[in-house]
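Letter by letter, the chains look like this.
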Amino acid sequence: MSPKVWAFAGRSLVRQPGRATLGVLGVAAVGALLFDMLLLSRGLLVSFRALLDSAGFDVRVMAADVPLITRPRLAGRTAAVAALRALPEVAEVVPIEFGGATADGTDGRRLEVLLIGADVDSGRRPWILLEGADRDPGGAGPPALIVNRNLAARRRLGPGSEVTLRGDCSRDPVSAPPLRFRVIGVATFPFDDPGSTTAATGTAALRRVCGFDDRDEADLLLVASREGQGAMAVVQAIRARRPDLHPFSNEEVVARFQQIGFSYFRQISTVLSSITLFFAFLLIAVLLTVSVNQRFAEIAALRALGFTRRRVVLDVLAQSVILVGAGGLVSLPLGFALARRLEAILHAMPEIPAAMHFFAFEPRALGIHALLLAVTAVLAALYPMRLVAGLPIAATLRAEVVT
Amino acid sequence: MSAPVVEARAVTKSFPMPAGPVVAVRDLSLSIEKGDFVSICGPSGCGKSTLLHILGCVDTPTDGRLLVDGTDAGTLGDAQRSAIRLSKIGFVFQRFFLLPMLTAAENVELPQAEAGVARGDRRARTAELLDYVGLARRAHHRPSQLSGGEAQRVAIARALANRPRLLLADEPTGELDQATGQQIVGLFERVHADGTTVVVVTHDPAIAGSTPRRLAMRDGRLEDGAR
Amino acid sequence: MTPLIAVLLLAAGTAEAPAILVSRQLLAAEHLAVGDVVALSSDPRGTSPRPFRIAGVYEPVPDPARLGAVALEARLHLPDLVGLTADPADPASAESVESINVKLRDPKDAAAFTRELAARVPGLALRETAKGDPREVTFVVLDRFHLAIATVTVIASSIFLLALMVMLVDERRETVAILRLIGLRRRRIFIQVLAEGLVIALAGAVFGVVLAAALEGGFNRFFQWKYDTALVFVRVTPAIAARAVAVAVPLGIVASVAASWSLLRRGALSLARR
């Protein structure tokens, strides 16, 4: 379409500024909702993937092929870790155990703490250190503890301070005495929700505080692939070496999450995207159809003056594209603002990690948004375009004079 | 001798209606030569506007042929007919049909832009035409700010924009008072004198009387067998 | 908590096998039938399996938080479950349960009972069922989310409605001009516009409610089929219908008045001019 077509279509729209403004605003409102639904449709997956990747481990090994929350413990931990470390594709293996504890406070209130047992060496960690250190210097003192910001703030802890934890690991009856820990660092744990109080220590200390026996078990093995190998190579190598283990690449975990986790949001985003697009289609189609109906005589006169059928049809299409395009542009800042508001609402859900977002921006969302709106603009213009294309010039001019 | 500007040969135009077809133009032949200034008059419904639409390639005859500069318009597609209307024929309507969102000058520029005339050339041509119709000072006024006579003069300037060989006017004074109508007729005389072939459809005998060639229509036919 | 990971094996018929119920989904997924004897193990490797006889099938309680997950479940009598999951090396494990549900003679005593029990057995986590499930927070949040989405939808609909009314009014500019020219007062025309707006808004709102009610069944059936669940996704209750009408009608009236405002404030002659 030549610039003169766009210019003429723009002038035609400006002719009825109220109507054009409402059209743009209507598209902006539904476009904002559409944009948000596109962000929502993959937001959790994108941020979940980012969370999984953030620690630098690209494979998770479990005891069974079952949902994370109901997984059984992995037996024969020592042998499994040794077998995995021996694989040439593997750079690092960190066994993880989960437990619970309560921290005694000076106010007498107990604070529930999620306790992570992880035997890290010199490489990657399943947390991001903010302050202090995260390698236990060893020695005869109390075991080392890394706390998250919430726990540090609520119990006024920092590197060098000490805290007593009572095991509250519901897996087994509590029989262990409270254990004193020495805080060596403050860290962020990727899967923490905004209110959670989390701490990490070595697996031996976790077992002591939880009162676990010396079962050679782990909840999870975090595995990092060697550079250039890739997660799938590690997964295949583990499956070949230890068929009893169930390794999953981050990709596979995300795929599983996509299958069952929060599918409600994907559904609602699909339903609302369809409704908003239909709404935009209806709005633009009605606006253009009424506008074309009111301009029949004028369009017939233009045809009589030598405008081709293609030219007047393109004029309608250009009007639709301008309305939807302008509305689409306005919808982006609106969509971002709305997404922030909706994110704040949804983040009040329990057990949602603070670093996980329902609305995560991806460039592809912008592309799909533009594509869907463009298709809507074309579809909405089809009927009025058909009206204009089939307009009989002479009959329309005659009818105008008669009326 | 050159070919007629436009020639209708045994043209018939009928419209299908529920009660049976209505014939607006019956077996009519007419030749408009270069330099003609023709008026077609007749009572309402006699088929004069339909004939004008056929001559202007706006409508197609049900039967017969229409030759424009010797070319059979019936063999042309919609785009080619549009091109003929854009470059060879100028149209003036009873209700002006100026685009309300454009100024007088922009309305005159519109067909030139459509024909691909360069911006500088079309600005010069527009200024020349508005001056020609006596509206140079109203160039930047919108149609809603013009009187009926002024609007019709802008419409005439627009019709002349691409230097057509043939100017067709359908009841150009139908919406105007007598004095203003006379001014418009005077403008057509001037356009004709400057070399453009003009065909005016009117039911006003006074206007018809002022043209050198006068045709009368009744029941879809030219009276007295005029060609 | 030790989740039961049931490794299910078809076993030879054993008359004394304890009875279990299996979920409809598990029955279908494993091609089982009532009366079949299956072996369950709490170990993913299937060690120490125990035979159970399928005595019936049940529809699992739908859980909106686990939409899309196939409910492969079985219900066992508590002693059977404990027998299956307990650690032989740990006698205490046969004595542990996840929770104990208590039905009081008088539900009003729940708070006092909770207080007394907490004092007598420190360390017990006690919750009154009347105070609701903490998981309900999720649905409160979803409610807020739906409300926010609905608000945006209402804004978009209002713009659409306004655009329609502007066009409708514009179409009738000449009619209004004629009415004004023959002597009708602005107030009279305003009342007419208002009445029309009310009728359109009422008709639209009622149509919307009827449409929603008509689509309700299809929508629910589709998602129940898609997720193989008994959850109800959409329910058009009288309260919701009344709320929709209560929002739509004033909006319709405001839109019609706003759209006709430009027409009413102009003089009759300027309206008549094309």
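Residues numbered from 1 in each chain as written. Chains lettered and ligands numbered in written order. Predicted model: local features only at pLDDT ≥ 70, side-chain atom pairs only at ≥ 80, totals over all residues.

**Things to note about the sheet that holds strand 9 (residues 213-218) of chain B**
All names here are of chain B. The strand order across the open sheet built from 6 strands is 6-7-8-3-9-10, with neighbouring strands paired in mixed fashion. Edge strands, defined here as strands with exactly one partner in the open sheet, are strand 6 (89-92) and strand 10 (221-222). With 5 bridges joining them, strand 3 (residues 37-41) and strand 8 (residues 197-202) adopt parallel strand pairing. Note on strand 8: the bridge partner recorded for Ser39 is Val200. Together, strand 3, strand 7 (166-170), strand 8 and strand 9 form the strand contacts of helix 1 (residues 48-55), whose direction differs from that of strand 8 by roughly 155°. (Pairing = 2+ DSSP bridges. Helix = DSSP H or I, 4+ residues; strand = E, 2+ residues; numbered from the N terminus. Contact = placed C-beta atoms within 7 Å. Axes fitted to C-alpha atoms, helices over the stretch in contact; angles between N-to-C directions.)

**Here's the deal with the arrangement of the chains**
The top pair by number of contacts, from a total of 2 pairs of chains in contact, is chains A and C. A gap remains between chain B and chain C, with no contact made and the closest C-alpha atoms lying 8 Å from each other.

**Considering the nonpolar core**
With 160 residues, the main nonpolar core has Ile284(A), Leu323(A), Val199(B) and Ala163(C) as its most contacted residues. No other element matches the 20 residues that helix 2 (residues 17-54) of chain A contributes to this core. Beyond its immediate sequence surroundings of up to four residues, Ala163(C) is in contact with Arg19(A), Leu22(A), Gly23(A), Gly26(A), Leu283(A) and Leu287(A). Counting residues in each nonpolar core, the second largest holds 58 residues, with Val61(A), Leu87(A), Val183(A) and Leu206(A) among its members. (Core = buried A, V, L, I, M, F, W, Y, C linked by C-beta atoms within 7 Å. Buried ≥ 20, exposed ≤ 12 C-beta atoms within 10 Å, placed from the backbone.)

**Comments concerning the interface of chain A and chain B**
Of the residues lining the interface, 20 residues belong to chain A; the matching set on chain B comes to 22 residues. At the level of elements, helix 1 (3-14), helix 9 (296-304) and helix 12 (393-402) of chain A are the ones that each hand at least two residues to the side of chain A that touches chain B. Considering each element in turn, the side of chain A that touches chain B owes the most residues, 6 residues, to helix 12 of chain A. A class-by-class count of the residues in the side of chain A that touches chain B yields 10 nonpolar, 3 polar and 7 charged. (Nonpolar A, V, L, I, M, F, W, Y, C, P; charged D, E, K, R; others polar.)

**Thoughts on the confidence of the model for chain B**
Averaged over all residues, the pLDDT of chain B is 89; the fraction at 70 or higher stands at 98%. Scoring the predicted complex yields pTM 0.76 and, for the interface, ipTM 0.87. (pLDDT = per-residue confidence, 0-100.)

**Digging into helix 5 (residues 203-210) of chain A**
Note that an α-helix has 3.6 residues per turn; residues three or four places apart therefore point the same way. Residues and elements named next belong to chain A. Taken across its 8 residues, helix 5 has 6 buried, putting it largely inside the fold. Among the residues making up helix 5, those that are buried are Thr203, Ala205, Leu206, Arg207, Val209 and Cys210. Next to the buried residues of helix 5 lie strand 3 (90-104), strand 4 (110-118), strand 7 (162-167), strand 8 (179-188) and strand 9 (198-201). Two residues or fewer after helix 5 comes Gly211, characterised by a positive phi angle close to 75°.

**Topic: the packing of helix 2 of chain A against helix 10 (residues 309-346) of chain A**
Residue and element names in this part refer to chain A. Packing of helix 2 against helix 10 leaves a shortest axis separation of 6 Å and a crossing angle of 45°. Between helix 2 and helix 10, the angle falls in the class oblique. Viewed along their axes, helix 2 and helix 10 form a crossing whose handedness is right-handed. Residue classes in the contact of helix 2 with helix 10 are distributed as 16 nonpolar, 7 polar and 1 charged. (Parallel < 35°, antiparallel > 145°, perpendicular 65-115°, else oblique. Left-handed = near helix turned anticlockwise from the far one by under 90°.)

**Observations concerning unusual backbone geometry**
Even without being a glycine, Ala10(B) presents a positive backbone phi close to 50°. Along the polypeptide, Ala10(B) turns up in strand 1 (residues 6-15). Overall, Ala10(B) belongs to the exposed group, with 12 C-beta atoms counted inside 10 Å. If you check the backbone angles, His31(C) has positive phi at about 55° while not being a glycine.

**Points about the environment of Val147(A)**
Residues and elements named next belong to chain A. Summarising the element assignment, Val147 is placed in strand 6 (residues 144-147). Residue classification places Val147 among the buried residues on the basis of 31 C-beta atoms within 10 Å. C-alpha separation for the pair Val147 and Asp134, spaced 13 residues apart in sequence, amounts to 9.9 Å. The contacts of Val147, once residues within four sequence positions are left out, are Ala152, Leu157, Val183, Val186 and Ala199.

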